[in-house]
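# Commentary on secondary and tertiary structure
So you can see what is in the structure, the chains are spelled out below.
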Amino acid sequence: MPELVRDHTVHAIYHKTPMFLPPCDFSVADIREEEVLSPIFAKFQPEMVLHLAGITAVSHALAITEDDVKAINVTASGTLAKLSQKFSAKIIYTSTDLVYSGSEGGMVKEDGKLEPLSLYASTKLEGETAVRESTNDFLILRLALMYGFSKGKVKSFFQEAYNKVKSGQKVVLFNDQYRSSLSVLDAARMMKKLITSQHAYKLLNFGSAERTSRAQLFSRFVQKAGLDERLLEIRSLKEFPNLPQVEDVSLDVSILVSMGITPMPVEKSIDETVKNLPNS
Ligand SMILES: NC(=O)c1ccc[n+]([C@@H]2O[C@H](COP(=O)([O-])OP(=O)(O)OC[C@H]3O[C@@H](n4cnc5c(N)ncnc54)[C@H](OP(=O)(O)O)[C@@H]3O)[C@@H](O)[C@H]2O)c1
């Protein structure tokens, strides 16, 4: 958000807690309520809608019903797309790498096999369909796993793992689960470039250009941050059959790179993450 506010007029919609206060203009709304959203669209007349809201973390999703998850991730995505069409705005919908099959060898292209294995992933995929069916002017981004530090109430795996290691607790890391993990700082810069780039794509992978396991990425971060590597317990995903067995959803980001939107090398973005560690 701070990246966008520098060069654009931004009106943010928050659900419960506004995280970036003025100069960013904002409303508090539930995206399930079209009657609340509609006057916001009418007043603000957006040229572009960046739709980032959703039920993301499993623990968060378990705290509410499956119907609620569908209403937010699917139906409300369609509502936002319909309103965007009505007000002649393009909508960018943030989907996930988890819509892909994790057993096809990775570095998956945008036309890769789809096989969501969780409620989160399947509702994000249904959200893509809801967006496609509600407007012609859309871009679906399939985001890789993000790492870094969030201001929101849902903390990423990375942030929770950092808090644990910092307080002397062990962290289990899988050495056989691969993603194209992207730092949130790099993602914000790339997103800012993407929203003003002229192109005709409707669907793009959005991640780092490198394939890393959770164990590789987090161990490297721990080394660079000078934390205690002995607290890292390296295991196999297969030892946890109750978890969705998503082995490799690393992304082919060559289309994104061909548009001049180039992710930072992972080594450099870990350095940047270490330089921006939270104070507490
Ligand atoms: N982070 C990742 O690794 C990752 C990877 C792939 C894709 N994505 C996608 O990228 C987007 C952003 O992810 P994130 O990590 O920022 O997620 P997040 O931290 O879980 O934030 C989701 C946001 O959605 C809001 N929200 C939930 N229900 C809402 C409702 N009914 N009305 C309005 N807002 C509502 C939440 O607000 P409250 O907390 O106030 O409810 C929260 O601010 C999501 O669409 C996610 O699926 C993320």
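What you see is a predicted model; the values in this text were computed from it and never measured. (Residues numbered from 1 in each chain as written. Predicted model: local features only at pLDDT ≥ 70, side-chain atom pairs only at ≥ 80, totals over all residues.)

## Section: the overall build of the protein
The helix and strand tally for the protein stands at 10 helices and 12 strands. On C-alpha atoms alone, the protein measures out to a radius of gyration of 19 Å, which is about the 19 Å that the 2.2 N^0.38 rule sets for 280 residues. Viewed in the frame of its principal axes, the protein has a C-alpha envelope of about 55 × 40 × 40 Å. Per-residue burial for the protein yields a buried fraction of 34% across its 280 residues. Within the protein, counting contacts between residues at least 6 apart in sequence, those at least 24 apart form 76% of the total. (Helix = DSSP H or I, 4+ residues; strand = E, 2+ residues; numbered from the N terminus. Rg over C-alpha atoms; globule rule 2.2 N^0.38 Å. Buried ≥ 20, exposed ≤ 12 C-beta atoms within 10 Å, placed from the backbone. Contact = placed C-beta atoms within 7 Å.)

## Description of the nonpolar core
L80, I91, V131, F138, L141 and F218 are the most contacted members of the largest nonpolar core, which has 56 residues in total. By residue number, the principal contributor to this core is helix α4 (residues 66–86), which donates seven residues. Among residues more than four places away in sequence, those in contact with L80 are I31, V49, H51 and I91. (Core = buried A, V, L, I, M, F, W, Y, C linked by C-beta atoms within 7 Å.)

## Describing the sheet that holds strand β5 (residues 138–143)
Strand pairs in the sheet, formed through backbone hydrogen bonds, run parallel or antiparallel to each other. What the four strands build is an open sheet, ordered β3-β4-β5-β10; its pairing is parallel. With one partner strand each, in any of the chains shown, β3 (48–51) and β10 (203–206) form the two edges of the open sheet. Within the sheet, the average angular offset between the axes of one strand and its neighbour, ignoring direction, is 20°. Sheet analysis places strand β4 (residues 90–96) next to β5, joined by six bridges and oriented parallel. Note on β5: the bridge partner recorded for T96 is L143. Contacts from helix α5 (residues 119–134) reach β4 and β5 within the one sheet, and its direction differs from that of β4 by about 160°. (Pairing = 2+ DSSP bridges. Axes fitted to C-alpha atoms, helices over the stretch in contact; angles between N-to-C directions.)

## A word on the environment of S197
Locating S197 in the fold gives a position in the loop between α7 (184–196) and β10. Residue S197 is classed as exposed on the basis of its C-beta count, with 11 C-beta atoms lying within 10 Å. Sequence separation between S197 and G260 is 63 residues, and the spatial gap between their C-alpha atoms is 9.1 Å. Setting aside its immediate chain neighbours within four residues, S197 contacts M259 and I261.

## Observations concerning unusual backbone geometry
Positive phi is not limited to glycine here, since Q45 has a value of about 50°. Residue position: Q45 is located in the loop between α2 (34–44) and β3.

## Section: the packing of α4 against α5
For the pair α4 and α5, the least separation of the axes is 8 Å and the interaxial angle reads 25°. Here α5 runs roughly parallel to α4, going by the angle between their axes. Handedness of the crossing formed by α4 with α5: right-handed. The segment α4 lies against α5, with E66, V69, K70, N73, V74, T75, S77, G78, A81, K82 and Q85 engaging L119, T123, K124, E126, G127, A130, V131, E133 and S134. Taken together, the residues that form the contact of α4 with α5 break down as six nonpolar, eight polar and six charged. (Parallel < 35°, antiparallel > 145°, perpendicular 65-115°, else oblique. Left-handed = near helix turned anticlockwise from the far one by under 90°. Nonpolar A, V, L, I, M, F, W, Y, C, P; charged D, E, K, R; others polar.)

## A few points about helix α6 (residues 157–166)
The periodicity of an α-helix, 3.6 residues per turn, causes residues three or four positions apart to be oriented the same way. Turning to α6, its buried residues are F158, A161, Y162 and V165. Buried residues of α6, viewed axially, fall in a sector of 105°; they line one side. Against β6 (146–147), β7 (171–174) and α8 (214–224) lie the buried residues of α6. Immediately downstream of α6, the backbone of G168 shows phi near 85°, a positive value. (Arc of directions from axis to C-beta.)

## With respect to the environment of S183
Within the secondary structure, S183 sits in strand β9 (residues 182–183). A residue is classified by how many C-beta atoms lie within 10 Å of it, and S183, with 26 of them, is buried. Setting aside its immediate chain neighbours within four residues, S183 contacts Y147, G148, S269, E272 and T273.

## Some points on α7
The end-to-end C-alpha separation of α7 is 19 Å, in line with the 18 Å expected for 13 residues at 1.5 Å each. Where the residues of α7 are buried, they touch β6, β9 and α10 (266–275). (Expected span 1.5 Å × (residues − 1).)

## Section: the packing of α8 against α10
When two helices pack together, their arrangement is given by the angle between their axes and by how far apart the axes lie. Running from N to C, α8 and α10 cross one another at 50°; their axes reach a closest spacing of 10 Å. Between α8 and α10, the angle falls in the class oblique. Once α8 is placed against α10, the crossing between them reads as right-handed. Residues R220, F221 and K224 of α8 touch α10, and the partners they reach there are I270, D271, T273 and V274.

## What to know about the environment of I92
Of note, I92 is situated in strand β4. Exposure remark for I92: the 20 C-beta atoms within 10 Å place this residue in the buried category. On a C-alpha basis, the gap between I92 and P23 in space is 23 Å, while along the polypeptide they are 69 residues apart. Other than its neighbours up to four places away in sequence, I92 contacts M48, L50, H51, L139 and L141.

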